[in-house]
Amino acid sequence: MRIALLSSFYPLRGGISQFNASMLEGLGKCHIVKAFSFSRQYPDFLFPGKTQYVTPEDEATPVEADAILDTINPITWVRTARAIRAWKPDLLVMKYWMSWFAPSLGYVARHCGCRSVVVLDNVIPHEAHWFDKPLTRYFLEGCDGFVSMSESVEKDLMRLREDAPHILLPHPLYTHFGPRMGREEAAATLGVDPARKTLLFFGLIREYKGLDILLEAFRGLPEDYQLIIAGEPYGSFEKYQKIIDSLPGKDRVYVFPDYIRDSEVKKFFCAADVAVLPYRSATQSGISSIAYHFDVPMIVTDVGGLKGTIGERGTGIVAAVPEPETIRAEILRFFADASLRENCLLAIGREKKRLGWDTFCNHLTEFAATL
C-alpha cells in the first residue's frame, strides 16, 4: 500500500512530531510511505513556547518530509492536495489535535484523491473555544475513518459525528529515548538527592496539566520528598514560581524550565520513583508512553482516558479529583505500600509487550482496508 502521512515532522519539534516519526517508521516496514509536513504550523504570535523548531541542542533525528502546507495560506492547501494526488497514494493518514488545523487539513482530506484516516489526539482541545466544535465538525465530515487512543476521545468523536467509522487503539510506546541509566548516575547529573523519594512532573507546562495542584500537594509532604519539574512553560512560569517560593521545602523543588531534548529525557525518568500527572483535563497522555519505557509508575487524576489507560491497567494509581489533598494522599499511599510499586512494575512489563508500533500500524492499515 502507498501511504501519505500529513502532519508535523522534523524540523518541527515536540511530542506530535515524535509520534509521527515513529508511525512513519512503523508503517514503512510493510508499505511505501511518504511524509508531508507543514511549511508553517502556527503563526509565531499564536505559539506560546520558545520555538516550534528543533535546535542543534535538541539532537533530533532528521526525517525527510515535503514541508508544503501553510495553515494560514489557502493556496498551499490546494498545492498540498495536488502534491498528494500526484504521488497517487492508496491512503492518507493525518494527525489531529486542535481546531486550528481543521480548515487546512479538512480541505486536503476532501481533495486528496484517496481514503483518509485520522489519528485523533483530541477532538476538542483541552483549552476549548466556542469555534472548536463547528471547525472540528467540518474536518470530521471530510474524513473517512478515525483512530482514537482513549475512550474519552472516542466519545467526543461520537458526539460530533455519530456515523464515523472508527477504531480504538492505545497510544504506542516511545522507544527512541535510549536505555535506562542508573538512578545514582541520573540523580547526580540533575543535582538531586538519590536517597529522597522523588516525584517527577514532565512535559510542556500548561494550565490544564495542573502543576499548581502538584505544588500545593507537595507543600504538605515530609522532608524526605523531592520534586523534579522538567518541561517548557507555555506562557509565564511566574505563578508557579510564586508557589515554589512560598513552600517550606522550596529547596527540594528542582525546576528545569526548558524543552527537554531526546537524549536528556532518560535522566529525569531514571532519577524518579513516580511520575505525577495532576491533570485538570486529559484524553490520553504521551508522558505515560515514556514512563512505560523507563519503568516508572504513575499517579494520575481521574480525568479523560487516564483512569482507563493507566489505573485500570495497573501501571499507576488514580486520584479521584485534581485537588492537592487528594494528590498528596495518593503520593503518600504509593510510598507507604511497597507492593503497589511492584504491582505497577509488573503491569508496565505487560504493557510494554502489548503497545508496540508494529501492532499499532498493522491495526491502523487493517482498519483502513475496511473503509
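The rules behind these values
Residues numbered from 1 in each chain as written. Predicted model: local features only at pLDDT ≥ 70, side-chain atom pairs only at ≥ 80, totals over all residues. Heavy atoms only, no water. Helix = DSSP H or I, 4+ residues; strand = E, 2+ residues; numbered from the N terminus. Buried < 20%, exposed > 50% of the residue type's maximum accessible area, 1.4 Å probe, protein only. Pairing = 2+ DSSP bridges. Axes fitted to C-alpha atoms, helices over the stretch in contact; angles between N-to-C directions. Core = buried A, V, L, I, M, F, W, Y, C linked by side-chain atoms within 4.5 Å. Contact = heavy atoms within 4.5 Å.

With that settled, consider unusual backbone geometry. The peptide bond linking Tyr10 to Pro11 adopts the cis configuration, its omega dihedral lying at 15 degrees. Its place among the elements puts Pro11 in the loop between β1 (2–6) and α1 (15–28). The phi dihedral of Lys88 falls on the positive side, at around 60 degrees, and the residue is not glycine. Within the element layout of this structure, Lys88 appears in the loop between α2 (74–87) and β4 (91–96). The phi angle at Asp295 is positive, at roughly 60 degrees, despite the residue not being glycine. Mapped onto the secondary structure, Asp295 falls in the loop between α10 (286–293) and β12 (298–301). Using a relative accessible area of 27% as the deciding quantity, one classes Asp295 as partly exposed.

Turning our eyes to something else, we now look at the pairing of strand β11 (residues 274–277). Side-chain alternation along β11 places Val274 and Val276 on one buried face and Ala275 and Leu277 on a second face that is also buried. Relative to β11, strand β8 (residues 197–202) runs parallel, the two sharing 2 bridges. The partner of Leu200 across the bridge, within β11, is Ala275. Where β11 and β12 come together, 3 bridges link them in parallel fashion. Directly across from Val276, in β12, lies its bridge partner Ile299.

Here we take up the sheet that holds β12. Spatial strand order, β10-β9-β8-β11-β12-β13: 6 strands in an open sheet with parallel pairing. Looking along the sheet, the strands with just one partner apiece sit at the ends: β10 (253–256) and β13 (316–319). Direction aside, the axes of adjacent strands within the sheet are offset by 20 degrees on average. As paired elements, strand β9 (residues 225–230) and β10 share 4 bridges and run parallel to each other. Opposite Ile229, over in β10, you have Val255 as the bridge partner.

With that out of the way, let us pick up the sheet that holds strand β2 (residues 32–40). Read across the open sheet, the 7 strands follow the order β3-β2-β1-β4-β5-β6-β7; overall the sheet is parallel. Unpaired on one side and paired on the other, β3 (66–70) and β7 (166–168) mark the two borders of the sheet. The average angle at which neighbouring strand axes cross in this sheet is 25 degrees, direction not considered. Direction of pairing for β2 relative to β3: parallel, over a ladder of 4 bridges. Its bridge partner lying in β3, Phe38 is registered against Leu69.

Bringing the nonpolar core into the picture now. Within the largest apolar cluster, 59 residues are counted, with the highest numbers of intra-cluster contacts made by Met23, Val119, Phe202, Phe269 and Phe360. When residues in this core are grouped by element, the largest group, 6 residues, is from helix α14 (residues 357–368). Once you skip the residues sitting within four places of it in the chain, Phe360 turns out to touch Phe19, Met23, Val119, Val147, Met149, Leu169, Pro170 and Pro172. Counting 33 residues, the second-largest nonpolar core is a separate cluster that includes Ala4, Tyr96, Val108 and Phe139.

Purely spatial values, then, with no claim about function.
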